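# Analysis of the macromolecular model
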Amino acid sequence: MASKKLLLLPGDGIGPEAMAEVEKLIAVMNADLGAGFETERGLVGGSAYDAHGQAISEADMAKALAADAVLFGAVGGPKWDPVPYEVRPEAGLLRLRKDLALFANLRPAICYPALAASSSLKPEVVEGLDILIVRELTGGVYFGEPKEIIDLGNGQKRGIDTQVYDTFEIERISGVAFELARTRKNHVTSMEKRNVMKSGVLWNEVVTQTHKAKYADVKLDHMLADAGGMQLVRWPKQFDVIVTDNLFGDMLSDVAAMLTGSLGMLPSASLGAPDAKTGSRKALYEPVHGSAPDIAGKGIANPIAMIASFAMCLRYSFGMVAEADRLETAISAVLDEGLRTRDILSEGKTEVGTTAIGDAVVERFRALSA
Ligand code: IPM
Ligand code: MG
C-alpha cells in the first residue's frame, strides 16, 4: 500500500485523551519504523455539533470515505442531551457506519491474566478468556424503517422501530464469523430470538444454510440471545466466536466487556466488504466504551481500549501483523508490571493516569521493536 491515510476522529469526553496516546504510537512508528502513516483530523459527535451544528460535517465524511482507516474515540455527553435527535452525537457514528458500509463489527473480549482479579466474576471464570463477538452493524433495528414517533390523536403517541434483516445481510456477517472462527478455535455460536421474532427465524435459517453450504468444517451452535447473555456470565469460556445482530450485539458486547475487568479494555474493528479490485476494505476502529463525561479531562481515563483498537487497525487495515502482535504484547507487559488506571485498579497495584499508561506502552513497544 503506497500511503497509509488515517483519519483521527477523537470525538467527545475521554475520546481526545485516549486518542492522544495512539498519536504517540503513530509518531513512534513513523520515526522508528518508517511506517508512513499520514494523519488528518476531524470532528464528530458533540464537538462537531458545537462547530457545525451537525454530528459530522460533509467535509469530514468525505475525509472518512477517502481514508484507508478511521480511528474513532467516543461521542456524547450530557451537554448535548437537549440537541435535536437527528444531530445528537451518536448520529455521527451511525452515519459513518452506514455510509462507509461497515457491516462487520469485531469485538474481541480478552481477559489479560493480570486483570482476572479486576472482573466482577470469579478469576477462574474469566482468566484466559478469549472470545470474539461479531456484531452486524449496518442493519436491524438501528436502521430499519419506519423509525418514528407518531401522534395517534387521542392523547397517545406511538414509538416505532423496525427490526429488519435480508438474506444477504445475514449471509455476509455469518461468513465473516465462520472465516474468523477458522483462524481461532473453529467454533461459532449464533444468537437471535427465533422464539419471538421473525427476523430471528430468518437469521437462524440463513446462518444454518451458509454453514452447510460453505463452512461445514466449523462447529456451529445456535442459542437464544437471552440465554446467550446468561451463559456469557455463567461460563464465558464455552464460546469462541459469537455472531449476532446489531442490537443484541450492542448489549452482549457490553456484557462481554465487563468480563474482561473493565469497559476500558475492549477494542473494536468495523469493516466493510473487500473491494473487488483492490481487496482493501473501508474500516473504522473504536473502543467499545463511551465518552465517560464524568471522568473526562481528569487524565484518569484508561486508554488501553483505544490503543488496542489501533492494534486491530494495524492488523486488519495494513497487514502489519508483527507490529500488532508487539503492541498487544506491550499492553500485556504494562499490565503485568502492575500499572493501572483507576477502573482496573486492584490491591497491590499502582494507580497511574492516562498518559503514564500510554507512555509505558510506547516504551515497551519500542523495546520490543528494537
Ligand atoms: C456501541 C455504542 C453505540 C451503539 C452508540 C454510541 C450509538 O453503544 O458502539 O456499542 O449503540 O452501537
Ligand atoms: Mg454499545
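Residues numbered from 1 in each chain as written. Chains lettered and ligands numbered in written order. Predicted model: local features only at pLDDT ≥ 70, side-chain atom pairs only at ≥ 80, totals over all residues. Heavy atoms only, no water.

### With respect to the side chain of Asp-12
Rules: Here a strand is any run of E in DSSP of at least two residues, a helix any run of H or I of at least four, and the numbering for each starts at the N terminus. The classification of residues rests on relative accessible area computed with a 1.4 Å probe and restricted to protein chains. Under 20% of the type maximum is buried, over 50% is exposed, and intermediate values are partly exposed. When charges are tallied, Lys and Arg are placed among the positive residues and Asp and Glu among the negative ones, while His and the ends of the chain are skipped. Salt bridges are defined by distance alone: a side-chain nitrogen of Lys or Arg within 4 Å of a carboxyl oxygen of Asp or Glu. Whenever two N or O atoms come within 3.5 Å, that pair is a polar contact, provided that in protein one can donate a hydrogen and the other can accept it, and provided that, for residues adjacent in sequence, both atoms are side-chain atoms. Note on contacts: a residue pair qualifies if any of its non-hydrogen atoms lie within 4.5 Å across the two residues.
Mapped onto the elements, Asp-12 comes out in the loop between β1 (4–11) and α1 (15–33). This buried residue, Asp-12, is left without a salt bridge; Lys-79 holds the nearest opposite charge, at 8.0 Å. Among the polar contacts listed, one links the side chain of Asp-12 to the backbone nitrogen of Ser-47, at a separation of 2.8 Å. Excluding residues within four positions of it along the chain, Asp-12 makes contact with Val-44, Gly-45, Gly-46, Ser-47, Ala-74, Val-75, Gly-76, Trp-80, Pro-89 and Ser-291.

### Quick look at the UniProt feature "binding site: Mg(2+)" (unreviewed entry) in the protein
Our working definition: UniProt positions are given in the numbering used here, feature names are shortened, and annotations may be inferred rather than shown by experiment.
Mapped onto this numbering, the UniProt entry gives "binding site: Mg(2+)" (unreviewed entry) at Asp-226, Asp-250 and Asp-254. Spanning 29 residues, the annotated positions come together in the fold, the maximum distance between their C-alpha atoms being 13.9 Å. Summarising the element assignment, Asp-226 is placed in helix α8 (residues 225–234). Excluding anything up to four places from it in sequence, Asp-254 contacts Leu-263 and Val-288.

### A closer look at the packing of helix α6 (residues 167–182) against helix α7 (residues 198–214)
Test applied: Simply put, an axis is a line fit to the C-alpha atoms, just over the touching stretch for a helix, and the angle between two N-to-C directions goes from 0 to 180 degrees. Angular relationships are summarised with four words: roughly parallel below 35 degrees, roughly antiparallel beyond 145, roughly perpendicular across 65 to 115, and oblique for the angles in between. Should the near helix be turned anticlockwise from the far one by less than a right angle, the crossing is termed left-handed; should it be turned clockwise, right-handed. Each residue gets one of three labels, nonpolar for Ala, Val, Leu, Ile, Met, Phe, Trp, Tyr, Cys and Pro, charged for Asp, Glu, Lys and Arg, and polar for the others, Gly among them.
Relative to each other, α6 and α7 sit at 50°, their axes nearing to 9 Å. Relative to α7, the element α6 lies oblique. Regarding α6 and α7, the two cross each other, and that crossing is right-handed. Contacts between α6 and α7 pair Thr-167, Ile-170, Glu-171, Ile-173, Ser-174, Phe-178 and Arg-182 from the former with Leu-202, Trp-203, Val-206, Val-207, Thr-210, His-211 and Lys-214 from the latter. Within the contact of α6 with α7, the residues separate by chemical class into seven nonpolar, four polar and three charged.

### Examining the site of ligand 1
Our working rule: Only heavy atoms are used to decide nearness, and a residue is near a molecule or strand if one of them lies within 4 Å of it. Accessible surface area values rest on a Shrake-Rupley calculation with a 1.4 Å probe, where residue burial reflects the displayed protein chains alone.
The local shell around ligand 1 consists of Glu-90, Arg-97, Arg-107, Arg-135, Tyr-142 and Asp-250. Separating an oxygen atom of ligand 1 from a side-chain N or O atom of Arg-107 is a distance of 2.8 Å. Measuring from an oxygen atom of ligand 1, one finds a side-chain N or O atom of Asp-250 at 2.8 Å. Coverage of ligand 1 by the protein chains reaches 77% of its 320 Å² of free accessible surface.

### Observations regarding the packing of α8 against helix α9 (residues 246–259)
In helix packing, the relevant descriptors are the interaxial angle and the interaxial distance, both defined with respect to the helix axes. Closest axis-to-axis distance for the α8/α9 pair is 10 Å, and the angle between their directions is 10°. The orientation of α8 with respect to α9, classified from their angle, is roughly parallel. In contact with Ala-225, Gly-228, Gly-229, Leu-232 and Val-233 of α8, α9 contributes Phe-248, Leu-252, Val-255 and Leu-259. Its residues assigned to classes, the contact of α8 with α9 shows seven nonpolar, two polar and no charged.

### Some remarks on the domain arrangement of the protein
The cut-off we apply is this: How far each domain reaches was decided by an automatic or database domain assignment. Reported buried area values correspond to the accessible surface (1.4 Å probe) lost by two parts on association, with both partners' losses combined.
According to the domain assignment, the protein consists of domain 1 (1–103 + 272–370) and domain 2 (108–264). Opposite the 23 residues of domain 1 that make contact, domain 2 presents 21 residues. Counting the surface lost from both domain 1 and domain 2, the interface buries some 1900 Å², and carbon and sulfur atoms represent 66% of this. For the pair domain 1 and domain 2, the number of links is zero salt bridges. Between domain 1 and domain 2 we count seven residue pairs in polar contact (both at pLDDT 80 or more) in total. Going through the elements one at a time, α4 (89–99), α10 (304–318) and α11 (321–336) are the ones with two or more residues in the side of domain 1 that touches domain 2. A total of five residues in the side of domain 1 that touches domain 2 trace back to one element, the largest contributor, which is α11. Its residues placed into classes, the side of domain 1 that touches domain 2 shows 13 nonpolar, four polar and six charged.

### Digging into α10
It helps to recall that an α-helix has 3.6 residues per turn; residues three or four apart then point in one direction. For clarity, the cut-off: Every helix has an expected span of 1.5 Å times one less than the residues it contains.
Over its 15 residues, α10 runs 20 Å from end to end, which matches the ideal 21 Å to within 8%, given 1.5 Å per residue. Within α10, 13 of the 15 residues are buried, leaving the element largely enclosed by the surrounding structure.

### Some points on the sheet that holds strand β2 (residues 37–41)
Filter applied, for reference: Paired strands, in this sense, are two strands between which DSSP finds at least two bridges.
Ordered in space as β2-β1-β3-β12-β11-β4-β5-β10-β8-β9, the 10 strands form an open sheet in which the pairing is mixed. Edge strands, defined here as strands with exactly one partner in the open sheet, are β2 and β9 (219–224). In this sheet, neighbouring strand axes are inclined to one another by 20° on average, regardless of whether the strands run parallel or antiparallel. In the sheet, strand β5 (residues 130–136) pairs with strand β10 (residues 241–244) via four bridges, with the strands oriented parallel. Following the sheet pairing, Leu-132 is matched in β10 by Val-241. The strands touched by helix α3 (residues 58–66) are β1, β2 and β3 (69–74); relative to β1, the strand with the most contacts, the crossing angle is about 140°. Running at roughly 145° to strand β12 (residues 283–287), α4 makes contact with β1, β3, β4 (104–110), β5 and β12 of the sheet.

### Here's the deal with the nonpolar core
Worth spelling out the cut-off: Definition of nonpolar core: a set of buried residues of the types Ala, Val, Leu, Ile, Met, Phe, Trp, Tyr and Cys, connected through side-chain atoms within 4.5 Å.
The biggest cluster of nonpolar side chains holds 67 residues, and the ones touching the most others in it are Leu-6, Phe-37, Leu-71, Phe-310 and Leu-327. With 10 residues, the single largest contributor to this core is α10. Split by domain, the residues of this core number at least three in each of domain 1 (1–103 + 272–370) and domain 2 (108–264). Setting aside residues up to four positions removed in sequence, Phe-310 forms contacts with Leu-6, Val-22, Leu-25, Ile-26, Met-29, Phe-37, Leu-71 and Leu-327.

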